[in-house]
Amino acid sequence: MIEVIDLRKNYGNLEVLKGITTTIKEGEKVAIIGPSGSGKSTFLRCLNCMEDPTSGAIVFEGVNIADMKVDINIHRRRMGMVFQQFNLFNNKTVIDNIMLAPVLIGIQDLRKKKLKNFFIRIRNLFAKNKKPLYEINTTPAKIKAEARENALRLLKRIGLEDKADVYPSTLSGGQKQRIAIIRALAMNPKVILFDEPTSSLDPEMVGEVLELIKQLADEGMTMVIVTHEMGFARNVATRVLFMDEGKILEENTPEEIFSNPQHPRTKEFLSKVLIVR
C-alpha cells in the first residue's frame, strides 16, 4: 500500500531522515518506536507529505506522492492523520469538526463536476462525437445531511453522541483524542497515521484512546503508529520499526523485537523503557 524508498529529510544542514526504505502492506499495524529526536514523527509527517521530503519516493497506491507535480490533497483523503495535540477547531462544535472535511471536499467535488459539465456542453455544441456528462446525483444540502448522519453514527460508536453540539474546550483530553480519531474515520481512509496519540493525555485517559485504536486494528484498518506505549505496540502491532538518529535500525514482529532484539541500540533502548508487568 505504501512503499518508502530512500526517504531523506533535511532542515538546512541538519539531516533528520537518512535514507529510510520500508513497505507498509494493506492491513498491517506498524508501530514505530525509538528515543525522542530519532525522526519518528518527521517520518510519519513525510508519509502524507505534511513535511515535504528532501529526496526519495513515497509510493501510495501506485502514485509517488512525494512528486511535487502530484495533487497531494487528493491522496490525503485516503490517508487519515491523528496528532498529539488533537488539532480540533475550538470555535466549532464537535459535530462540525467531524463534518468539516467531508462537507468541504464533497462540495468541492460537486462544483468541479458542474464546471466540467459546463465545458462539455460547450464542446458538444460543436463536436460530432458528443461526450457524456458527468453524473451528478447529489446537492450541497444532501452532502451536509449525509456527513451529519455519518458523524452522529461515529459519535455513537465511541459513546459521545451527547457531545455533538458542545465545543472541544469542554471535553477531557481522552474525549478530544477519540473525537480526533473518528474525525479521521469520517473520510473513510485506507490508512490512518497516529503521531503519539496518547502523549498529551493523563495516564487514566490513555486506556480509552488505546482501546479505540485497538478496535480499529481488530477491524483490519491499516495503521502506522508512533508510540511510546510499549505494551500497546507489543500487543496490537503486526510489525515494529525501531528508529534512531534518522534511520530504521531494526524491524520485525513484536515478539522478535521485544523478546529477541538484534541491534545493540534496540537492546539498549528496550532495557531502559520496558517495565516488567
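When helices and strands are counted, the protein shows nine helices and ten strands. Dimensions of the protein, computed from C-alpha atoms along their principal axes, come out at roughly 70 × 45 × 35 Å. Put simply, the protein has 277 residues, and 47% of those count as buried. When the 41 positive and 34 negative side-chain charges of the protein are each reduced to one mean point, those points stand 9 Å apart.

Under the counting rule described, the total for this entry stands at two aromatic pairs. Judged by centre distance (5.3 Å) and plane angle (75 degrees), the rings of F118 and F119 are edge-to-face. Of the residues examined, F119 reaches a relative accessible area of 51% and is grouped as exposed. Centroid distance F242 to F269: 5.3 Å. Interplanar angle 45 degrees. Geometry classified as tilted. One end of the pair, F242, is in strand β9 (residues 239-244); the other, F269, is in helix α9 (residues 264-273), with 27 residues separating them in the sequence. Residue class for F242 comes out buried when judged on its relative accessible area of 0%. Between the NZ or CZ atom of K9 and the centre of the ring of Y11, over which it lies, the distance is 4.9 Å.

The strands that make up a sheet pair up through hydrogen bonds in the backbone, lying either parallel or antiparallel. Pairing within the open sheet is antiparallel, and its four strands lie in the order β2-β1-β4-β5. Strand pairing shows two members of the sheet lacking a second neighbour, β2 (14-24) and β5 (63-64), which therefore form its edges. By the bridge criterion, two bridges tie strand β4 (residues 55-60) to β5 in an arrangement that is antiparallel. Its bridge partner being in β5, V59 is matched across the sheet by N64. In the packing of helix α1 (residues 40-47) onto the sheet, contacts are made with β1 (2-11), β2 and β4, and the angle to β1 comes to roughly 120 degrees.

So, on to the nonpolar core. Judged by nonpolar contacts, the single largest core of 42 residues is most densely connected at I179 and F194. Sorting the residues of this core by element identifies α3 (94-126), α4 (140-157), α5 (173-185), β7 (191-195), α6 (203-218), β8 (222-226) and α7 (230-236) as the ones contributing at least two each. Top contributing element to this core by residue count: α6, with eight residues. Here I179 is in contact with L88, V94, I98, L155, I158, L160 and L171, once residues within four sequence places are set aside.

Of the strand pairs in this sheet, β1 and β2 are connected by eight bridges, and their pairing is antiparallel. Within β2, the residue paired with Y11 across the bridge is L14. Counting the residues that bridge the hairpin from β1 to β2 gives two residues, and of these G12 lies at a positive phi of roughly 65 degrees. For β1 and β4, the ladder comprises five bridges, and the chain directions are antiparallel. Residue pairing in the sheet places R8 in a bridge with S55 of β4.

Summarising the element assignment, D109 is placed in helix α3. For D109, a relative accessible area of 28% puts it in the partly exposed group. Residues D109 and N91 lie 18 residues apart in sequence; the distance between their C-alpha atoms is 26 Å.

Turning our eyes to something else, we now look at the pattern of salt bridges. Per the stated rule, a full pass over the model turns up 15 salt bridges. In this structure, R77 and D109 form a salt bridge, with 2.9 Å as the shortest nitrogen-oxygen distance. With R77 in the loop between α2 (72-76) and β6 (79-82) and D109 in helix α3, this pair connects stretches of sequence that are 32 residues apart. A salt bridge links E208 to R178; the nearest nitrogen and oxygen atoms lie 3.5 Å apart. Of this pair, E208 sits in helix α6 while R178 sits in helix α5, placing them 30 residues apart in sequence. The partly exposed category is assigned to E208, whose relative accessible area is 30%. If you follow the salt bridges from partner to partner, you end up with D244, R265, E268 and K272 in one network.

Procedures and definitions
- Every chain's residues receive numbers from 1 upward, in the order its sequence appears when written.
- For this predicted model, a pLDDT threshold of at least 70 governs which residues receive local features, and a threshold of 80 or more governs which side-chain atom pairs are given and counted, while totals over whole chains, interfaces and linings are taken from all residues.
- Side-chain numbers come from the whole structure's heavy atoms, not from hydrogens or water.
- Labels follow the DSSP assignment, with helices taken as runs of H or I lasting at least four residues and strands as runs of E lasting at least two, numbered in each case from the N terminus.
- Throughout, exposure labels follow a simple rule: accessible area from a 1.4 Å probe, protein chains only, divided by the maximum for the residue type, with under 20% read as buried, over 50% as exposed, and the rest as partly exposed.
- In this tally, Lys and Arg are treated as positive and Asp and Glu as negative; His is ignored, and so are the chain termini.
- A charged residue contributes its charge at one atom only: NZ of Lys, CZ of Arg, CG of Asp or CD of Glu.
- For Phe, Tyr and Trp, rings pair up if their centres lie within 6.5 Å, where Trp contributes its six-membered ring, and each pair is then called stacked (planes under 30 degrees apart), edge-to-face (over 60) or tilted (otherwise).
- Only lysine NZ and arginine CZ atoms are considered, and such an atom sits over a ring when it is within 6 Å of the ring centre and within 35 degrees of the ring normal.
- DSSP calls a pair of strands paired once it identifies at least 2 bridges connecting them.
- Any pair of residues with heavy atoms lying within 4.5 Å of one another is described as a contacting pair.
- Whenever a helix is involved, its axis is fitted only over the stretch in contact; in every case the axis is a line through C-alpha atoms, and angles between N-to-C directions fall within 0 to 180 degrees.
- Only buried residues count toward a nonpolar core. Its members are Ala, Val, Leu, Ile, Met, Phe, Trp, Tyr and Cys residues joined through side-chain atoms within 4.5 Å.
- By definition here, a salt bridge exists when the distance from a side-chain nitrogen of Lys or Arg to a carboxyl oxygen of Asp or Glu is within 4 Å.

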